[in-house]
There are 2 protein chains.
Amino acid sequence: MNSSPRRGRRPGSPDVRAEILAVARARFRREGYDAVTMRSLAAEAGVDAALISYYFGSKAGLFAAVLELTLSPADLLGGLLQGDLETLPQRLIPTLVRTWDNPDTGVPLLAAMRAAASDPGFAAMLRDGIHRQLVERLAERIGGADAHRRAGAFVTQVGGLILTRYVIAAEPLASMTADEIVRALGPALRTALLGPLPTARRTS
Amino acid sequence: MNSSPRRGRRPGSPDVRAEILAVARARFRREGYDAVTMRSLAAEAGVDAALISYYFGSKAGLFAAVLELTLSPADLLGGLLQGDLETLPQRLIPTLVRTWDNPDTGVPLLAAMRAAASDPGFAAMLRDGIHRQLVERLAERIGGADAHRRAGAFVTQVGGLILTRYVIAAEPLASMTADEIVRALGPALRTALLGPLPTARRTS
């Protein structure tokens, strides 16, 4: 037994990882990514900072785990990809808008965008996650020779929606309802997924 | 005459504004937006900090002026809007990629994206600039009842390209050539500008 304020839990016991995550989630939400230190998180969770590194690798890794816990983007996308690709934009946009408009999920997501702009380590994790969890899985669902660039174009447009509406909050996107966004962006998203694409010029 | 290292220029003389801009441009580029202080800029330019505020209002205003000097987005867009809307994506994308790939312009632009994520004052200026200089002017060029949401959708997609390729550097966009981006994103951009849009559900 140690004498920290949170007695009775041993480092390495099954709930320690969850407890670190819960403390980190509250702190990141309250203070933003840049202001939180691993040392202060460790103190609040009543564990050694080395244990946080053991479980999560780095602050960026811990933050990624908090986001995963809050959102499960893989589960979310998995459900969306089971439906018809033709209707994916009108199913995805309301889900995305609801998630970002809700402070419980939107605040950590916006913090993630800010962390990606300021922390190269977190940007690298986000880059990898976007490619593996979104682009690759969407490309697999689309299939065919153009799948990868269709998926890239689609994810790019979804990123543009997040940037314009949430990070910069520029009009007209900032004030649109989910229905209005579906009408404005849906056709372009469907074009990226399913529309005719110009033939690539091959340099053999 | 004062005794600062840069003697002979009087505050308020015609070249002071340009001199402040030149110093600010070099410093923002070297150190990024957050690290530069108005006080240190004033010292390097050999002027009083109040004079910088007089000319530019705030650090955000000074940075916006540096970007304007580096890029003249209004001139750039003006030229692009004179051509056919049908070919706007294939004319815009190579210009945008060249501008962001070139460190002389790309480094301050990336700093602007970071400043928009960290400084609410700069985000407000960017938000206003995007709306007045890009969305409104593009909507005017498009014309018709859907002009505003078409322009919003188009600017959103261009924002997505910047976010995905430059801020996060996610694949497949990060490694594409300008031609490949035109092929992947061009059809969706044309759909936003000129394609059929679903009818709005009116709630009268």
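Residues numbered from 1 in each chain as written. Chains lettered and ligands numbered in written order. Predicted model: local features only at pLDDT ≥ 70, side-chain atom pairs only at ≥ 80, totals over all residues.

## Some words on the overall build of chain A
Of regular secondary structure, chain A possesses ten helices and zero strands. Ordered by position from the N terminus, the helices and strands of chain A form the series α-α-α-α-α-α-α-α-α-α. Each principal axis of the C-alpha atoms in chain A carries an extent, and together these give about 65 × 45 × 30 Å. In chain A, which comprises 204 residues, the proportion classed as buried is 38%. The long-range fraction of contacts in chain A, counting pairs at least 24 apart against all pairs at least 6 apart in sequence, stands at 64%. (Helix = DSSP H or I, 4+ residues; strand = E, 2+ residues; numbered from the N terminus. Buried ≥ 20, exposed ≤ 12 C-beta atoms within 10 Å, placed from the backbone. Contact = placed C-beta atoms within 7 Å.)

## Focus: the environment of B:Asp179
Residue and element names in this part refer to chain B. Looking at where Asp179 falls in the secondary structure, it is placed in helix H10 (residues 178-194). Here Asp179 falls in the partly exposed class, since 16 other C-beta atoms lie within 10 Å of it. With 46 residues separating them in the primary sequence, Asp179 and Gln133 have C-alpha atoms 26 Å apart.

## Observations regarding the domain arrangement of chain A
Residue and element names in this part refer to chain A. In terms of domains, chain A is made up of domain 1 (14-66) and domain 2 (72-194). Between domain 1 and domain 2, the C-alpha centre-to-centre distance is 27 Å. With eleven residues of domain 1 at the interface, the matching set in domain 2 holds ten residues. Secondary structure elements with two or more residues in the side of domain 1 that touches domain 2: helix H1 (14-31) and helix H4 (59-71). (Domains from an automatic or database assignment.)

## Looking at the nonpolar core
Soluble, globular proteins show a tendency: their nonpolar side chains are buried together. One finds A:Phe63, A:Ala116, A:Phe154, A:Ile181, B:Phe63, B:Ala116 and B:Phe154 to be the most contacted residues of the largest nonpolar core, which totals 116 residues. When sequence neighbours within four positions are dropped, the list of residues in contact with B:Phe154 reads B:Leu138, B:Leu189, B:Ala192 and B:Leu193. (Core = buried A, V, L, I, M, F, W, Y, C linked by C-beta atoms within 7 Å.)

## Some thoughts on helix H7 (residues 103-118) of chain A
For H7(A), spanning 16 residues, the distance from its first C-alpha to its last is 22 Å, which sits close to the expected 22 Å at 1.5 Å a residue. Taken together, the buried positions of H7(A) are A:Pro108, A:Leu109, A:Ala111, A:Ala112, A:Met113, A:Ala115, A:Ala116 and A:Ala117. (Expected span 1.5 Å × (residues − 1).)

## Re the interface of chain A and chain B
Across the contact, 44 residues belong to chain A and 44 residues belong to chain B. Elements with a contribution of two residues or more to the side of chain A that touches chain B: H7, helix H8 (120-142), helix H9 (147-167) and helix H10 (178-194) of chain A. Among the elements that line the side of chain A that touches chain B, the one with the most residues is H9(A), at 13 residues.

## Quick notes on the packing of helix H4 (residues 59-71) of chain B against helix H7 (residues 103-118) of chain B
Residue and element names in this part refer to chain B. It is the contact of H4 with H7, at a shortest axis distance of 10 Å, that shows an interaxial angle of 150 degrees. When the interaxial angle is binned, H4 and H7 end up roughly antiparallel. Considering the relative orientation of H4 and H7, their crossing is left-handed. Counted together, Phe63, Val66, Leu67, Thr70 and Leu71 of H4 and Thr105, Pro108, Ala112 and Ala115 of H7 form the full contact between these two elements. (Axes fitted to C-alpha atoms, helices over the stretch in contact; angles between N-to-C directions. Parallel < 35°, antiparallel > 145°, perpendicular 65-115°, else oblique. Left-handed = near helix turned anticlockwise from the far one by under 90°.)

## Notes on the relation of the copies chain A and chain B
With an RMSD of 0.0 Å, the operation that places chain A on chain B is a rotation of 180 degrees combined with a shift of 0.0 Å along the axis. Look at the turn and shift together and you get a two-fold axis relating the two. Every residue of chain A has its C-alpha some distance from the rotation axis, and the shortest such distance is that of A:Gly160, at 1.6 Å. (Least-squares fit on C-alpha atoms with pLDDT ≥ 70 in both.)

## As for the packing of helix H5 (residues 73-82) of chain B against helix H8 (residues 120-142) of chain B
Two quantities define a packed helix pair, namely the angle between the axes and the distance from one axis to the other. All names here are of chain B. Two numbers describe how H5 lies on H8: the axes approach to 11 Å, and their chain directions differ by 20 degrees. One finds that H5 runs roughly parallel with respect to H8. Considering how the two elements wind past one another, H5 and H8 form a crossing that is right-handed. Each of Pro73, Ala74, Leu77 and Leu81 in H5 lies in contact with H8, whose residues at this interface are Gln133, Leu134, Arg137, Leu138 and Arg141. A breakdown of the residues in the contact of H5 with H8 according to their chemical character gives six nonpolar, one polar and two charged. (Nonpolar A, V, L, I, M, F, W, Y, C, P; charged D, E, K, R; others polar.)

## Description of unusual backbone geometry
Residue A:Glu171 is joined to A:Pro172 through a cis peptide bond whose omega torsion reads 5 degrees. By the element assignment, A:Pro172 lies in the loop between H9 and H10. Even without glycine at this site, B:Ala169 takes up a positive phi of about 60 degrees. Following the sequence through the fold, B:Ala169 ends up in the loop between helix H9 (147-167) and H10.

## Considering the confidence of the model for chain A
Residues and elements named next belong to chain A. Across chain A, pLDDT averages 86, with 90% of residues at or above 70. Scored below 50 in pLDDT, residues 1-8 shows five contacts in the model against residues more than four places distant or in partner chains. Complex prediction metrics read pTM 0.82 and ipTM 0.80. (pLDDT = per-residue confidence, 0-100.)

## Quick notes on helix H6 (residues 88-101) of chain B
All names here are of chain B. End to end, H6 covers 20 Å across 14 residues, agreeing with the expected 20 Å (1.5 Å per residue, within 8%). What H6 keeps buried is the set Leu88, Pro89, Leu92, Ile93, Leu96 and Val97. The arc enclosing the buried residues of H6, seen along the axis, measures out at 135 degrees, which places them on a common side. Set apart from the buried face of H6 by more than 90 degrees, the exposed residues are Arg98 and Asp101. Each element contacted by the buried residues of H6 is listed here: H5, H9 and H10. (Arc of directions from axis to C-beta.)

## Re the environment of B:Phe56
Residue and element names in this part refer to chain B. With respect to the helices and strands, Phe56 occurs in helix H3 (residues 49-56). Judged by local crowding, Phe56 falls into the buried class, with 20 C-beta atoms found within 10 Å. Those residues in contact with Phe56 that sit more than four places away from it in its chain are Gly61, Leu62 and Ala65.

## Considering the environment of B:Ala115
For B:Ala115, the location among the structural elements is in helix H7. Expressed as a C-alpha distance, the spacing of B:Ala115 and B:Ile20, which sit 95 residues apart in the sequence, is 20 Å.

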